[in-house]
Amino acid sequence: STFETDQAAEILNFCVETAEQLTEILADAPQDDCFDILLDEAMQVADNLLLMQFEDGAGPAADAITLMIQLQRDVQSALGA
């Protein structure tokens, strides 16, 4: 339905914006191996999310959430949280 498509698009857009913001934050962080690795991961996630925007349906939105959760885990692990 249109509602589900719109909701999926909103979720995907939110994930893209969040990944791009994280990329900006990490790019401005002090140069450090840990932050450099996280920056590379965040950039890759952001790129993948941008490509997902060309797909329709709930599948890409679910995949976007999965990528964001994995990125969160990677950040937490790298920062020792």
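Residues numbered from 1 in each chain as written. Predicted model: local features only at pLDDT ≥ 70, side-chain atom pairs only at ≥ 80, totals over all residues. Heavy atoms only, no water.

A.B. asks: Teacher, can you tell me more about the overall build of the protein chain here?
C.D. replies: Tallying secondary structure elements over the protein chain gives 3 helices and 0 strands in all. Overall, the protein chain shows an N-to-C arrangement of helices and strands of α-α-α. Based on the C-alpha atoms only, the size of the protein chain along its principal axes is roughly 45 × 20 × 15 Å. Residues counted as buried form 26% of the 81 residues belonging to the protein chain. Taken as a whole, the protein chain presents about 5,500 Å² of accessible surface, with 55% of it coming from carbon and sulfur. (Helix = DSSP H or I, 4+ residues; strand = E, 2+ residues; numbered from the N terminus. Buried < 20%, exposed > 50% of the residue type's maximum accessible area, 1.4 Å probe, protein only. Areas by Shrake-Rupley, 256 points an atom, 1.4 Å probe, with all protein chains shown as cover.)

A.B. asks: Looking at this structure, how should I read the side chain of T23?
C.D. replies: Along the polypeptide, T23 turns up in helix α1 (residues 2-28). Accessibility expressed as a relative area gives 15% for T23, which makes it buried. Reaching out from T23, the side chain makes a polar contact with the backbone oxygen of A19 at a distance of 2.8 Å. If near-sequence neighbours (up to four positions away) are discounted, T23 is found in contact with L39, A42, M43 and A46. (Polar contact = N/O pair within 3.5 Å; in protein donor to acceptor, adjacent residues only side chain to side chain. Contact = heavy atoms within 4.5 Å.)

A.B. asks: What should I look at first to understand helix α3 (residues 58-79) in this one?
C.D. replies: A rise of 1.5 Å per residue sets the reference length of α3, with its 22 residues, at 32 Å; its end C-alpha atoms lie 32 Å apart and thus fit the reference within 8%. All of the buried residues in α3 are P60, A61, A64, M68, L71 and V75. Summarising the axial view, the buried residues of α3 lie within an arc of 100 degrees, below the 170-degree limit, and thus occupy one face. In α3, the exposed positions that point more than 90 degrees away from the buried face belong to A58, T66, R73 and S77. Remark: G80 follows α3 within two positions and exhibits a positive phi of approximately 70 degrees. (Expected span 1.5 Å × (residues − 1). Arc of directions from axis to C-beta.)

A.B. asks: Is there a simple way to think about the nonpolar core in this case?
C.D. replies: Side chains of a nonpolar character, in soluble globular proteins, are inclined to be buried together. Within the largest apolar cluster, 16 residues are counted, with the highest numbers of intra-cluster contacts made by A19, V45, L49, A64 and M68. Breaking this core down by element, the ones donating at least two residues are α1, α2 (33-52) and α3. The element best represented in this core is α2, accounting for 7 residues. The residues contacting M68, other than those within four sequence positions of it, are C15, T18, A19, V45 and L49. (Core = buried A, V, L, I, M, F, W, Y, C linked by side-chain atoms within 4.5 Å.)

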